[in-house]
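What follows is the residue order along each chain.
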Amino acid sequence: MDFDLSGRSEQWRNKLQAFFDAEVLPRHRAWLEHVVGKGEAAPFMGDLQQKARAAGLWNLGLPELADSEPGTRLSNLEYAPLAEIMGRLFWAPEVFNCQAPDVPNMIALQNCATQEQKARWLQPLLEAKTRSAFGMTEPDVASSDATNVATRMVRDGDDYVINGRKWFITGAAHPQCSFLIVMGVTDPDTDRTRRHSCIIVPMQTPGVRLVRRLRWMGCEDHVAPIGELAFDNVRVPAANLLGAEGEGFKVAQIRLGPARIHHCMRSIGLCELLIELMMVRSSERKAFGRAVIEYDTIQRWIAEARVELEQARLLAYRCAWRLDQAGHHGAWRDVSLIKVAVPAMLQRIADRAMQVFGAMGGSDDTPIHQALAWGRLLRIGDGPDEVHLRQIFRMEPMPAWSIANSPYLSAHPS
């Protein structure tokens, strides 16, 4: 098997790395000062995005771009090492218009939207002129079983009237979020997997209310602020329906595959940073007369982190390859495998990094506590571990033999 990146992928990785080192990383402290410290937009983001687009580093995670749409048209496998680079800083993907939840929403619109919908909603996303969100999870039901989603979308003439509540909606509290893709029940009397539909809802529609911004384990998502939303008799045109009525799960699954793998790709890059931080911190600190890095425990932690990271990277690359070869529906097993493996790895490595750093690791001086919280969130978001493990088990084939007649076991005495 050939594990080398293609020449094209290597070229794009080198180009992105050079841009990241020269333009993005030097602005990280300024980004923290403005966005985290002052709660304002980074004043340099627009110029930085223009530079990235001029360099061709734009819409990198969209392999299905039309000829008229701006972007690189990299395959998922070619994109994987680029996502790792961006994953080293939580805000870096925004520079290249590769941030969640907008990229998965773009993919859903590419696959399911009408031409009119694409012109109105997709094109501004591709140009980074707006932001979006995807409204699925709800506070009053177990959203791990998405058939529980209870928000009602009732047809009334040429409109749908929406009532319900959504929460932990990534990007919904962003001031530039102009629309949501909302999943709700359109036909409660049909099969459970055909009851739901997705519809595009402009944020300014009367009855859409941002109830509050949400944090996760004390951390705030500054790139795509999380929101809780109420929908009180929200009326939107039936023309805003994304896909056909009853195809809500189809729309959701089309966007969830790429969303999951992109999160995992970025998490691998974040883990690379955590290993580097452990190496430097432990070499600079002394305890009981020796550099911390000289202790067997620290060496084992770092070595185990490297083993786990390389395993996860291979799984992620294979998943990306499968997504390229078999499409959204042919890579479900691989997506579930990385969705279980990578967040758990991120949690373990971040936990070790926090132990190496001591109190500093839990402060805002480092990204370690955010990494730990992010790993924990990924074990719930986009399908919890248990749902993916159930899916993996269901796809495990049963051998044709029984224990009694297995050729691998000794014969039972008669």
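Residues numbered from 1 in each chain as written. Predicted model: local features only at pLDDT ≥ 70, side-chain atom pairs only at ≥ 80, totals over all residues. Heavy atoms only, no water.

**Thoughts on empty space enclosed by the protein**
The full count for this structure, using the stated rule, is one cavity of 30 Å³ or more. Counted as a void, the largest cavity has a volume near 30 Å³. Around the largest cavity, the lining residues are C98, Q99, A100, V103, P104, P258, A259, H262, H263 and R266. Of all the secondary-structure elements, those providing two or more residues to the lining of the largest cavity are α6 (102–112) and α8 (248–284). (1 Å grid on protein atoms, 1.4 Å probe; cavity = no way out; pocket = protein on both sides within 12 Å on 5 of 7 lines; lining within 4 Å. Points joined across faces, edges and corners; volume = space filled by probe spheres on them. Helix = DSSP H or I, 4+ residues; strand = E, 2+ residues; numbered from the N terminus.)

**Considerations on helix α2 (residues 28–37)**
Among the residues of α2, W31, H34 and V35 are the ones counted as buried. Projected down its long axis, α2 shows its buried positions confined to an angular sector of 85°, all on one face. Turned more than 90 degrees away from the buried face of α2, the exposed residues are R29 and G37. On the buried face of α2, the contacting elements are α3 (45–54). Phi turns positive, to about 70°, at G39, one or two residues after α2. (Buried < 20%, exposed > 50% of the residue type's maximum accessible area, 1.4 Å probe, protein only. Arc of directions from axis to C-beta. Contact = heavy atoms within 4.5 Å.)

**Things to note about the environment of L309**
Mapped onto the secondary structure, L309 falls in helix α9 (residues 296–326). Separated by 40 residues in the primary sequence, L309 and G269 have C-alpha atoms spaced 9.4 Å apart. With residues near it in sequence (within four places) discarded, L309 still touches I268, C271, E272, I275 and M345.

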